Each structure stands twice: as C-alpha cells, then as structure tokens.
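# Summary of structural features
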Amino acid sequence: MTYQVGYFVGSLSSTSINRTLSQALIHHAPDDLEFTEIPIRDLPLYSPDFDADYPAEGTALKEAIASTDAVLFVTPEYNRSIPGALKNAIDWASRPWGQNSFDHLPAAVIGASPSGIGTAVAQQSLRAVLAFCNARQMTAPEAYINFNPEVYAEDGTVSDPELEQILTAYMQEFRDHIERVLTVLPRG
Ligand code: FNR
C-alpha cells in the first residue's frame, strides 16, 4: 500500500527555506509515501461569489486534494500567523459550503524560520484553521525548525545527525498517522 501525500509550501518566495525543508522531509520519508506538491501561487483571492462557478485554479486545487490520501503543510510564520497565500488556498479548498476538501483528511503541519521560534505560533494558528476544517491532524510529534542553511543539501540530505533523526521520526509518525486515520476513515 502506497499513500499519496499532497504537500503545501506556504511560501511564494523563490528562495524559500520552507521549500528546502519540504525536500528534506520528502527525502527522509518512508518509502510507501509518494509526494506531489499542491500549488497555491496562481489562485485568485477567494470570494463567495465564486461558489456558484469555481474558476479552473480553484477546481484544480480541490481535485488535487481529492486525489491525495493526506496533506502536509510546510509553512513559514508571517507576523505570528500563516502567510495570506496559504490561508487563501485553505479558504478555496474549504468551500463551497458542504464540499470541504479537508473533511476527515489526515494532515500534518511543520515549518522553518531563521528565528528560534521555528514557526511555533504560525503552526498553532494553522492548527486552529485545520481543526475547523475537520482535518485529522497529527498532534505529536511537533517540529519547530530553526533553519540553518548550512546543513541542507540540494538532494534533500541534511548533514546534522540530530536534525536527520527529527525529520525521519516526524515522517515515520506521519506515515503511521495516515494509516491509522484511513483505517477508520477510508478515502472515498
Ligand atoms: C517574516 N518572518 C517571520 N519569522 C518568524 O519567525 N515569525 C514571524 O512572525 C515572521 N514574520 C514575517 C512576516 C513577513 C511578511 C515576512 C516576509 C517574514 C521571517 C521569516 O521567517 C523568513 O523570511 C523566512 O525565510 C520565511 O520563510 P520562507 O519564505 O523562506 O520559506
């Protein structure tokens, strides 16, 4: 059994440290997880006016989530919350009313910051949003990554053994979380 994981990078930056983190997470994940990025860059700003007739970008987002078994959010912290682009994508996916793409979906959140806080406040903010969206969140382990650019290689490997252990354990737990949730709540 292979699980399809859609991952969101909350940053639109061309030099995103969270994109770097996402590649390291994928590199350290168990072999039975397959990853596809769910892009958020081209979404218009959400309005309920779109509910009657979603534009192609909104439909593509919802179809991408529908084709996954789980979602992983790798996000920066912006002003002690999540970036607007990521919140906008979540708002799109949560609507139209009654067609919430996150309902019962296994999910995990993680993020990197150059500061010691390691996106802790943003992750709490994101968890509140995902709770309302009825996603089945992994609650432990948490991981607040204080980003050191020197330890990340282009191929996703990391040269810091402690970080390697954290990323590996996090992804193994996420895999087990997905299996547990889907055992009770299989995807339709
Ligand atoms: C930040 N940054 C930031 N860092 C943090 O730890 N807590 C915060 O609240 C904020 N707020 C914030 C707001 C805005 C608008 C920007 C642009 C930046 C710094 C941030 O962690 C840093 O720029 C990271 O590199 C952003 O992640 P990406 O885009 O490189 O993945």
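Before reading on, note that the structure itself is shown above.
For the structure given in this document, a descriptive report is provided here. Treat the numbers as computed from the prediction; the structure is a model and nothing was measured.

## Looking at the pattern of salt bridges
- A complete count under the given rule lists six salt bridges for this structure.
- Between D32 and R175 there is a salt bridge, with its nearest N and O atoms 2.7 Å apart. Highlighted residues: D32 in the loop between α1 (17-27) and β2 (33-37) and R175 in helix α5 (residues 161-184), separated in sequence by 143 residues. In this structure, D32 and R175 share a single accessibility class: buried.
- The partner of R175 in a salt bridge is D176, and the shortest N-O contact between them spans 3.2 Å.
- On the accessibility criterion, R175 (13% relative accessible area) is buried.
- Residue classification places D176 among the partly exposed positions, given a relative accessible area of 21%.
- One salt-bridge network, held together by shared partners, links D32, R175, D176 and E179.

## Some words on the site of the ligand
- Around the ligand, the structure places 14 residues, and the nearest of them are S11, S16, N18, R80 and S113.
- At a separation of 2.9 Å, a nitrogen atom of the ligand approaches a polar side-chain atom of E77.
- A distance of 2.8 Å separates a nitrogen atom of the ligand from a polar atom in the backbone of N79.
- For the shell around the ligand, the class distribution of residues is five nonpolar, seven polar and two charged.

## Quick notes on the pairing of strand β1 (residues 3-9)
- Counting buried positions over the seven residues of β1 gives six, a clear majority of the element.
- The pairing of β1 with β2 spans five bridges and is classified as parallel. Bridge assignment links G6 to a residue of β2, and that residue is T36.
- Regarding topology, α1 serves as the crossover connection from β1 to the parallel β2, and that connection is right-handed.

Thresholds, definitions, all that
- Residues numbered from 1 in each chain as written.
- Predicted model: local features only at pLDDT ≥ 70, side-chain atom pairs only at ≥ 80, totals over all residues.
- Heavy atoms only, no water.
- Salt bridge = Lys/Arg side-chain N within 4 Å of Asp/Glu carboxyl O.
- Helix = DSSP H or I, 4+ residues; strand = E, 2+ residues; numbered from the N terminus.
- Buried < 20%, exposed > 50% of the residue type's maximum accessible area, 1.4 Å probe, protein only.
- Near = heavy atom within 4 Å.
- Polar contact = N/O pair within 3.5 Å; in protein donor to acceptor, adjacent residues only side chain to side chain.
- Nonpolar A, V, L, I, M, F, W, Y, C, P; charged D, E, K, R; others polar.
- Pairing = 2+ DSSP bridges.
- Right-handed = clockwise from strand over helix to strand, strands pointing away.

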